[in-house]
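Structure at a glance
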Amino acid sequence: MRLPARLFAFGDGKPALGGRAGRGPGGALAPRLGSELLVPRAPPQDPASAPAGSEGTGSEVTVPKMSLWSIISHMPPEEFSGLFTEFPRSLRCLLADWLENQPWEFINGSDAFCTNVAGGILSAMLEKLRSAASSNEQQCQILQQVSSIESTYRRDPLRLVAVLKAILEGEKAAVLKRDRHLPLSFHRRQEELKFSLGLQRLQHRVREIQALRDGPTASPQLKTEAKPPESVSGGLVHRGESQQPCLPGKELPALILEAVKELEVAKQQVLKRIQIWKRQQQLAGNGALFEENLAPLQKRCESLVEVYFQLHQQVMAASTELGAELLPRLLERFNEVLSSLVKSSFLVEKQPPQVLKTQTKFQASVRFLLGPQLLKASAKPYMVRADMVTEKQARELALSAYNNTLSESTGEIMHNVVALETNPTSGTCCANFKNVLLKKIKRCERKGSESVTEEKCAVLFSTSVALTPSNLSVHLQVLSLPIVVIVHGNQDNNAKATVLWDNAFSEIDRVPFVVAERVPWEKMCDTLNLKFMAEVQTTKGLLKEHYFFLAQKIFNDHSASLEDFQSRSVSWAQFNKEILPGRGFTFWQWFDGVLDLTKRCLKSYWSDRLIIGFISKQYVCKLLSTEPDGTFLLRFSDSEIGGVTIAHVIRGKDGSSQVENIQPFSAKDLSIRSLGDRIRDLGQLRNLYPNTPKDQAFGSHYNKEQTGKDGRGYVSTAIKMTVESERDQQPQSAVGGPRETPQAQMFSLPMLQPELHPESLQSVLSPICPPAPFCPQPIPTGYPAGESNINMMVSDNLQSSFPSTSPMLSPSLVMDPALPRCQDLAFGNPLPFMPNQYMTGEASQLLPGGPSPEPQDEEMPELAPFTQMVDPSLQSSPRMPPSMDLPPGSDFDQFLQDVSLEGPALCPPFTPPLQRSGYPSPNASCWGLGESRWDDSVRPGHA
């Protein structure tokens, strides 16, 4: 009997939560791997069409495990109408995900074991349907259907298995057609069902062998023990109807051979599950979610070993029937099964750090899953030893199946021997290395251009134990994950790149530590997204627009489309060996700088989608050029490591637009004043792109300003950020009156006596303007400094010598156009005359911008430094030598004109330095010295 379609049209046709595959770069379908392996990506939203602070964009962590039913229930019921001819869809809806948690797929055959399992599942299903019908409005109709199902399939439960298997196959096909994959948790559950059913079949084989060996003389006790197998039902055990094993015409040797074959299959399943656990542990090093609990895996190993000993006992009891030829072969196969299980169950539960610095303590632990069950009691505890091995040594050990022993350790490890202890309470057998230290490392010969940070090592944990009941001695060895050993912190960045690449792209059961040199770009996108979300600790991952920008950066190709990058592969050299064009760092070094900055200072901004981040300066200009005045966005600096900048649009009175990029902020800058407070300080910033008012977007990120006096009676102070362009464009109404024009800073020259000859003029002016060939070229920073109202005077008693290197010029100083000029003969460029260029370090502290880096000029001879500082009294008036009188101004002017005709100019007119980066420079006005950050030219992570 079937109900009308309207009664079981379950679901609204919308996709289930996370049911549709996320799309990678260019819209490519990215596999949804669930929470067990990788963090999945949700379909991204175009940032150009969504508010920067909008929710629901980017990657989300899906913690709950997905079932097949969670997807099916949200798909249109019309897609499954042809599946429910023999089983009502209304009952399928009531069973929900219970149905997929039964081993329908693995019940193959028509023997007694399969029949018993099918009968047990049928009984459990009828019980569940009757329980669900009691709380349903259509109770009577459902009970009628349940009765019909029971009368139809009770005599032939294997027919029900075939019907429900066909329904599940149709549902899986529909999901695969739409999403191209099934949930990972579904695959994992199916693997668990397969192993559980195989283990029950093995137990059934043991009972069959015992019944066949005992024959009709079997005791009543043995008959009682020969129970039917158990069927799995939603994690609960349901026994089928009691039945004796039926053995029509089977001979004992054939039955034992069949059982041994099934034992080997079950062993392979356990070994595969251990390899999967190891691979998941390695991916966790890149940030993937990982179920570290080894208890289920230990229980699986112990269950199989228990059946192994039962079967081994039956084989030894039937040694006469098996004969002298078959028995040794069977025993050899038994020994191989046990040896594989024992060696594979010795695992590194807690890995040592994969970037390991010498002279640094670390921790690790190993676990022997079969230890509580098999370890023989010993007067002395079993000891586990840790040794450092090279990649070559690790490869030799792996090729020998870990039967060889280590000949020589490649590094000296302190406190490297620990006891293997069994804890009866927790049922674990572990060795915990709590205070290990790598004292030194012996470097091996590297391959080709391989650097120190590309050299991979590992820690080898080894021990020898005796097993019960045969007192068998076994040597256990296990390798840790690949380790890069460093001796200095500046190697950490490149070492992390080696580890990231190896963790992401290595294969299961590889030869240590072989990894691909080139990988698909889509896999690299998944790896970068996984690392970013794990490091920043956010649920918002990268968008496809971010991947497009990253592809342009790593491939140095700005003409390719999203689809072009989709089919490309990226090499290790492109990732972290080749320097990016026009930069001093690699792609990974830049990306790692962004990770560090976002993790330390920008986590909340990124999680609120206030930062577009991965976007080029050219594309920013395209986005903002059509936006209203004051529209801004945040992006990561493309030219600096670990910097974030504000790009905003300025519109003139004629309607023309100009996009300004404020000098990037480092983590150190944001620790002084947060990004939200800096945005609040800048009045020219009005709307976050595309049209969100900045107070609405960043209001929750503003820090409360402290006013009044503190508890000690001091008046509170605050640091405010300003940008030059803000003050230049500030309307008069905003300040309450006309804006004062900043006074030019004048530098007074010492007045000369009329009787001085031209040849003696240079000795007087040399402290201010040295001979032309030695005028150093100022190094432009590209970032204009803030304004300053400090008037600096130059003393006339400065010595004639000057240093070969000079502090960087402050471009905010204004020169007197009447000053003489000097020509730079070495470079052919007119240079601005700046007094701090020839001052000592202490004197330069008085100038706006503070002390600047001192670039070395190899062509300039080393000269003696100054021994005097600028006299503060020079701030009011110049102090002249007593023997010098003030000449008439006209005579002095004529004299300078004569000198200019005889030789090169002494000093050029003031020329502002080049602005290479185009960033306006922020400064802190509360200090009154213009530029507030004195280390702008030194960025963390610069090569």
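Residues numbered from 1 in each chain as written. Predicted model: local features only at pLDDT ≥ 70, side-chain atom pairs only at ≥ 80, totals over all residues. Heavy atoms only, no water.

As for the overall build of the protein
Rules: Helix numbers and strand numbers start at the N terminus; a helix is a DSSP run of H or I with at least 4 residues, a strand a run of E with at least 2. Each residue is assigned to one of three classes by its accessible area relative to the maximum for its type, calculated with a 1.4 Å probe on protein chains only: buried under 20%, partly exposed between the two thresholds, exposed over 50%. Note on contacts: a residue pair is in contact if any heavy atoms of the two residues lie within 4.5 Å. Computed with a 1.4 Å probe, the accessible areas rest on the Shrake-Rupley method; for each residue, only the protein chains presented here act as cover.
On a plain count of helices and strands, the protein comes out with 27 helices and 23 strands. Taking all 943 residues of the protein together, the buried fraction comes to 49%. The long-range share in the protein, meaning contacts at least 24 apart out of those at least 6 apart in sequence, stands at 74%. On the protein, roughly 44,300 Å² of surface is accessible, and the fraction owed to carbon and sulfur atoms is 53%.

Concerning helix α6 (residues 184-214)
Which entries qualify depends on this criterion: Expected span of a helix: the number of residues minus one, times 1.5 Å.
For α6, spanning 31 residues, the distance from its first C-alpha to its last is 46 Å, which sits close to the expected 45 Å at 1.5 Å a residue. With its phi angle positive at about 65 degrees, G215 sits one or two positions after the end of α6.

Side note on the state of the cysteines
Counted only if it meets this: Note that a disulfide, as used here, is simply two cysteine sulfur atoms within 2.5 Å.
Going through the model one piece at a time under the given rule, you end up with zero disulfides. Among the cysteines around C430, which has no disulfide bond, C429 carries the closest sulfur, lying 6.8 Å off. Residue classification places C430 among the buried positions, given a relative accessible area of 14%.

Thoughts on the environment of G699
Structurally, G699 is set in the loop between α22 (694-698) and β22 (721-723). Under the relative-accessibility criterion, G699 is labelled partly exposed at 32%.

Thoughts on the pairing of strand β19 (residues 657-661)
Where we set the bar: For two strands to count as paired, DSSP must find a minimum of two bridges between them.
Of the pairings in the sheet, the one linking strand β18 (residues 644-651) to β19 comprises five bridges and is antiparallel in character. Counted as the bridge partner of A647 is N661 from β19. In this antiparallel pair of consecutive strands, β18 and β19, the connection spans five residues, and G655 shows a positive phi of 90 degrees.

Regarding the sheet that holds strand β21 (residues 692-693)
Rule in force here: The axes used here are C-alpha line fits, helices contributing only the stretch in contact, and every angle between their N-to-C directions lies in the interval 0 to 180 degrees.
Read from one edge to the other, the open sheet built from five strands follows the order β19-β18-β17-β20-β21, with strand pairing classed as mixed. Pairing within the sheet leaves two strands with one partner each, and these edge strands are β19 and β21. Strands β17 (631-636) and β18 of the sheet are contacted by helix α18 (residues 587-607), whose axis makes an angle of about 145 degrees with β17. Along the sheet, helix α19 (residues 617-624) contacts β17, β18 and β19; its crossing angle with β17, the most-contacted strand, is approximately 165 degrees.

Digging into the packing of aromatic side chains
Quick reminder of the rule: Between 30 and 60 degrees the pair is tilted, below 30 it is stacked and above 60 it is edge-to-face, where a pair is any two Phe, Tyr or Trp rings, Trp via its six-membered ring, whose centres lie within 6.5 Å. Note on geometry: a ring has a charge over it if NZ (lysine) or CZ (arginine) is within 6 Å of the ring centre and within 35 degrees of the ring normal.
All chains considered together, the criterion is met by 28 aromatic pairs. With centroids separated by 6.1 Å and ring planes inclined at 80 degrees, the aromatic side chains of W606 and F614 adopt a geometry described as edge-to-face. A relative accessible area of 2% places F614 in the buried class. Note that R300 overlies the ring of F195, its terminal NZ or CZ placed 4.4 Å from the centroid. The aromatic ring of W590 is capped on one face by K553, whose charged end is 4.5 Å from the ring centroid.

Quick look at the pairing of strand β8 (residues 382-390)
The side chains of a regular strand alternate between the sheet's two faces. Buried residues dominate β8, accounting for seven of its nine residues. Where β8 and strand β10 (residues 417-423) come together, four bridges link them in antiparallel fashion. Its bridge partner lying in β10, R385 is registered against V417. Where β8 lies against strand β12 (residues 457-467), six bridges are found, and the strand directions are antiparallel. Along β12, the bridge assignment pairs D387 with L460.

Quick look at the confidence of the model for the protein
Worth spelling out the cut-off: pLDDT is a residue-level measure of predictor confidence that goes from 0 to 100.
Counting all residues, the mean pLDDT for the protein is 75, and 66% of those residues have values of 70 or more. With pLDDT under 50 throughout, residues 1-37 is counted as low confidence; its partners more than four residues away or in other chains account for 106 contacts. For the stretch residues 39-64, pLDDT sits under 50, and the model shows 76 contacts to residues farther than four places along the chain or on other chains.

Concerning the pattern of salt bridges
Selection criterion: Counted as salt bridges are all cases of a side-chain nitrogen of Lys or Arg within 4 Å of a carboxyl oxygen of Asp or Glu.
Inspection of the entire model under this criterion finds 41 salt bridges. One salt bridge in this structure joins K172 and E169, with 3.3 Å as the shortest N-O distance. You can see K172 and its partner E169 sitting in helix α5 (residues 157-179), three residues apart, about one turn around the helix. Take K172: its relative accessible area is 12%, and that puts it in the buried class.

Details of unusual backbone geometry
With an omega of -15 degrees, the peptide bond between P512 and F513 qualifies as cis. Mapped onto the elements, F513 comes out in the loop between α13 (492-505) and β15 (518-520). The amide bond that connects Y689 to the next residue, P690, takes the cis arrangement and shows omega of 5 degrees. Considering the arrangement of structural elements, one finds P690 in the loop between β20 (687-688) and β21. Backbone geometry places R180, a non-glycine residue, at a positive phi of 70 degrees. Assignment of secondary structure puts R180 in the loop between α5 and α6. Positive phi outside glycine occurs at N556, with the angle close to 55 degrees. With respect to the secondary-structure elements, N556 resides in the loop between α15 (544-555) and α16 (562-566).

Let's talk about a nonpolar patch on the surface
In plain terms, the rule: Patch rule: a residue counts if its relative accessible area is over 30% and it has no salt bridge; like charges are joined within 9 Å, and nonpolar side chains (Val, Leu, Ile, Met, Phe, Trp, Tyr) within 5 Å.
A cluster of nonpolar side chains, L399, V511 and V514, forms an exposed patch at the surface whose accessible area comes to about 270 Å². For V511, a relative accessible area of 36% gives the class partly exposed.

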